[in-house]
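Now for the letters of each chain:
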Amino acid sequence: MAIQDVRSFATGVWIDCNEAARTIHSAITGKTIARAGNDTLDVAGMLEYAKKVGGQNLRKMNFHARAKMLKAIAQSLTEHKKALYQISFSTGATQKDHLIDIDGGIGTLFAYSSMARREMPNSDIYLDGKVERLSRNGTFLGQHVCTALQGVAIHVNAFNFPVWGMLEKLAPAFLAGVPAIVKPATATCHVTELCVRIMLDSGLLPEGTLQLVSGDLGNMLDHLTPQDIVSFTGSAETALLLRSHPRILSNATRFIAEQDSLNASILGPDAALGTVEFDLFTKEVIREMTTKAGQKCTAIRRILVPEPQLEPMIERLKSGLSEVITGDPRLETTGMGALVSQSQKQDVLKKIRLLEKDTECILGDPETFTVEGKELQDGAFIPPILLYCNDPDSAKYVHSVEAFGPVSTIMAYRDIDHASTLLNNSKGSLVASVITNDADVAREVTMNSGAFHGRLYFNNRVSMKESTGHGSPLPHMIHGGPGRAGGGEEMGGIRGVMHYMQRTGIQGSPEILSQIGRKWVPGAYEITEQDHPFTRKFGSLKIGETLATGSRQISMADIEKFAYFTGDTFYAHMDEEAAKRNPFFPGRVAHGYLLLSFAAGLFVEPNEGPVLANTGLDNLRFMKPVQAGDKINVRLTVKHKTPRNEEYGEVRWHVNILNQGNELVAEYDLLTINAR
Ligand code: NAP
């Protein structure tokens, strides 16, 4: 079979390997299948090109345009995913593993696309938090804003997820408006190269936004600037080496690390043999140990069970793991494929030997294990290995050595405090799980151990049908963990985009803030138009346009009618003496909801027109009581507009309800859907 040259994509051209290239072997046959690397790559030129061409191109688009681009890329990858499945078998992955890496990666792009269009503005600036009132009269305000970093994202990725590992980092970087240079792990970079090729061939990415280094990164880090960001996934040793690079330290260049993690799962004290949770726990552990042959940063490495459940759980896991067929990942009957390479296998064997100093092996023997099939004899296969630790409190290696393969250690705990102590012994992990039907146990573990883990996953009979699995990082939830896990954080919805943006505190007048944020701020200019804003379509509404209504007097009859009509006969509206005894009211007051209803009556334009629906209210506050005899009027201002599709968009209106003394009695945002 011909040996593939895995190319790099630098400054807009594909670059071949040269003699510095490293070889890549099939995980399943051990044969050389490819090579990657070129030590003459112009790494400084790549950074410059990304900045000058890619960054500028991306920043010409706004958040929604970039989100639509992500969706289109995801669609293009979906069309080509069979080719990605095909090439991925050589990494030892099964079809089920492909669903996590390839479909999971594409799903992450789709998820980020829709989250961004829902939660980010159709603009190029992101407003973080509310307007801060910094002065008595409101003429000097503050607002935090986020704008894209003007450097390059360098993504150094691990071998285990050549597609997902790249896409979960590209989605937030591109959304922020930051171009990326991807450096996949060499062992599986042929898969990443194909994925990059599909994305570039789609023509959907603006020039300069994506480059690829197959093989070594050269001295790229020597050229970093304070506007760049390095996001690393891999071992703790490499993380330490890279994060202490002088250029990163002296420039305070952002560095995110996702590194090894001794994740654990606890069988709840309530989950005895015979309960649904006992069976569920068994399934989760077996799945986590064998998916990707245990080469998952979130895999369960430590299994914590209550003392009385130790024997039955060992029996159940041994029988379940023995049924998993390890072998050719291309076969449908195979439950677990190979490790990525012989060198990875040697590393896992070395780690098992260390772990055995604390434990005894109760299932699996990697030294004598063989798979069926002549061509697979040089593949990097090992069986599931279950270790038992009799004394987890004094164990030296069990809480600190990560065998990055299908290896896990079972141990017993006395009570939930003891379980939490063992959990935290790993000094920080990506995820810990508890399978329990006891919410008090969940609360106790959260308080004892939340500080040590990036994610806590609870599962039981209620959630099991829809739960996503201990080991699945989701685009909506953060992925990362403190301490040993690297101290990094990725994804977590729009939080992940913020890693690629600078947060800046803006201070100034309401008008300055409105103009910068493209969102009207109370106190800023108001535009008055002749015709009612409800008669005009989405596009012709101006930010700051304000309707001032006439006034309406509230009578006691109104209050009583509203009370009996709605059934809200709360004493503050009905009983003068009781209302007076309440520290907040001078006597009987109008219902807040009555004020809202009368406000709508004051500002709506009743005829059929471009306003299609009222979709809600945000930030509603009642500031001052209104009594019979008071008069209210409304100021309705266009605050913000967000196109939703070709046909309509969302308008956010700022509503002030004022009394006859021009005092604010209620304030809220009104959301409407308007025709375009
Ligand atoms: P690794 O040896 O640290 O490699 C990780 C990445 O760093 C690879 O792309 C590697 O490239 C690159 N690299 C290595 N030395 C470098 C250097 N001096 N300069 C620039 N780049 C360098 O880790 P691995 O063995 O591939 O991955 C397994 C580890 O990753 C496990 O410990 C696992 O826990 C961890 N992991 C963590 C997560 C997470 O999200 N927390 C996810 C997956 C894996 P080459 O391949 O070309 O050497």
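Reading the values: the criteria
- Residues numbered from 1 in each chain as written.
- Predicted model: local features only at pLDDT ≥ 70, side-chain atom pairs only at ≥ 80, totals over all residues.
- Heavy atoms only, no water.
- Phe/Tyr/Trp six-rings, centres within 6.5 Å; stacked < 30°, edge-to-face > 60°.
- Helix = DSSP H or I, 4+ residues; strand = E, 2+ residues; numbered from the N terminus.
- Buried < 20%, exposed > 50% of the residue type's maximum accessible area, 1.4 Å probe, protein only.
- Lys NZ or Arg CZ within 6 Å of the ring centre and 35° of its normal.
- Contact = heavy atoms within 4.5 Å.
- Salt bridge = Lys/Arg side-chain N within 4 Å of Asp/Glu carboxyl O.
- Pairing = 2+ DSSP bridges.
- Axes fitted to C-alpha atoms, helices over the stretch in contact; angles between N-to-C directions.
- Domains from an automatic or database assignment.
- Buried area = accessible area lost by both parts, 1.4 Å probe.
- Polar contact = N/O pair within 3.5 Å; in protein donor to acceptor, adjacent residues only side chain to side chain.
- Nonpolar A, V, L, I, M, F, W, Y, C, P; charged D, E, K, R; others polar.
- Near = heavy atom within 4 Å.
- Areas by Shrake-Rupley, 256 points an atom, 1.4 Å probe, with all protein chains shown as cover.

Attention now goes to the packing of aromatic side chains. As enumerated under the stated definition, the model contains seven aromatic pairs in all. Ring geometry for phenylalanine 534 and phenylalanine 603: centres 6.1 Å apart, planes at 75 degrees, overall edge-to-face. With phenylalanine 534 in the loop between α15 (510–517) and β23 (546–553) and phenylalanine 603 in helix α19 (residues 592–603), this pair connects stretches of sequence that are 69 residues apart. Considered together, phenylalanine 534 and phenylalanine 603 belong to a single accessibility category, that of buried residues. Taken together, a centroid distance of 4.7 Å and an interplanar angle of 45 degrees make the contact between phenylalanine 570 and tyrosine 571 tilted. The class of phenylalanine 570 is partly exposed, set by a relative accessible area of 44%. Look at tyrosine 571 and you get partly exposed, because its relative accessible area is 35%. An aromatic cluster of three or more residues is present, and its members are Phe534, Phe603 and Trp653. Of note, arginine 197 hangs over the ring of tryptophan 14, and the distance from its end group to the ring centre comes to 4.3 Å.

Before going further, it helps to spend a moment on the environment of valine 156. Position of valine 156 among the secondary structure elements: in strand β8 (residues 153–156). Taking relative accessible area as the criterion, valine 156 reaches 9% and is therefore assigned buried. The spatial distance from the C-alpha of valine 156 to the C-alpha of methionine 166 is 8.7 Å, given a sequence separation of 10 residues. Apart from residues no more than four positions distant in its own chain, valine 156 is found in contact with Lys169, Lys183, Leu217, Ser231, Phe232 and Thr233.

All right, on to the pattern of salt bridges then. Taken as a whole, this structure holds 31 salt bridges when the rule is applied. Here arginine 588 ties to glutamate 560 by a salt bridge, and the two come within 2.8 Å at their closest N and O atoms. Taken together, the positions of arginine 588 in the loop between α18 (576–581) and α19 and glutamate 560 in helix α16 (residues 556–566) put the pair 28 residues apart, joining distant regions of the chain. Note on arginine 588: relative accessible area 11%, which makes it buried. A cluster of three or more residues bridged by salt bridges with shared partners is formed by Asp618, Lys639, Arg652 and Asp669.

Once that is clear, we can look at the pairing of strand β16 (residues 385–388). On any regular strand, side chains alternate: one points to one face of the sheet, the next to the other face. What you see with β16 is no split at all: Ile385 and Leu387 on one side and Leu386 and Tyr388 on the other are buried throughout. Inspection of the sheet shows strand β15 (residues 360–363) paired to β16 by three bridges, in the antiparallel sense. Along β16, the bridge assignment pairs cysteine 361 with leucine 387.

Further remarks concern the sheet that holds strand β6 (residues 126–133). Pairing in this open sheet of three strands is antiparallel, and the strands run β6-β7-β22 from one edge to the other. Every interior strand has two partners, whereas the edge strands, β6 and β22 (501–508), have only one. The average undirected angle you get between the axes of adjacent strands in this sheet is 20 degrees.

This part takes up the domain arrangement of the chain. Looking at the chain, the domain boundaries give domain 1 (4–125 + 149–259), domain 2 (264–482) and domain 3 (526–675). A separation of 50 Å is found between the C-alpha centroids of domain 1 and domain 3. Taken residue by residue, the interface counts five residues in domain 1 and four residues in domain 3. Contact between domain 1 and domain 3 buries roughly 290 Å² in total, counting both sides, with carbon and sulfur atoms accounting for 51%. On the domain 1 side of the contact with domain 3, His64, Pro121 and Asn122 bury the most area, a combined 70% of that side's loss. On inspection of domain 1 and its partner domain 3, the count reaches zero salt bridges. Viewed at the interface, domain 3 and domain 1 are joined by one residue pair in polar contact (both at pLDDT 80 or more). Counted by class, the side of domain 1 that touches domain 3 contains one nonpolar, two polar and two charged residues.

This next bit is on unusual backbone geometry. Of note in this structure, alanine 252 is not a glycine but carries a positive phi near 50 degrees. In this fold, alanine 252 is placed in the loop between α8 (246–251) and β12 (254–258). The class of alanine 252 is exposed, set by a relative accessible area of 60%. One non-glycine residue with positive phi stands out, namely lysine 427, at about 60 degrees. Within the secondary structure layout, lysine 427 lies in the loop between α12 (416–424) and β18 (429–435).

Positionally, asparagine 157 belongs in the loop between β8 and α5 (164–176). On the basis of relative accessible area, asparagine 157 is assigned to the buried category, the value being 7%. For the pair asparagine 157 and threonine 233, spaced 76 residues apart in sequence, the C-alpha separation works out to 4.9 Å. Apart from residues no more than four positions distant in its own chain, asparagine 157 is found in contact with Gly165, Met166, Lys169, Val182, Lys183, Pro184, Ala185 and Thr233. At 2.9 Å, the side chain of asparagine 157 and the side chain of lysine 169 are in polar contact.

We now examine the site of the ligand. Looking at the ligand, there are 25 residues lining it, with Asn157, Thr186, Ser235, Thr238 and Glu402 nearest. Arginine 22 places a side-chain nitrogen or oxygen 3.2 Å from an oxygen atom of the ligand. Take asparagine 157: an N or O atom from its main chain is 2.7 Å from an oxygen atom of the ligand. The fraction of the free accessible surface of the ligand (900 Å²) that becomes covered by protein chains is 81%. Taken together, the elements giving at least two residues each to the shell around the ligand come down to β11 (229–233) and α7 (236–243). Tallying contributions element by element places α7 first for the shell around the ligand, with three residues.

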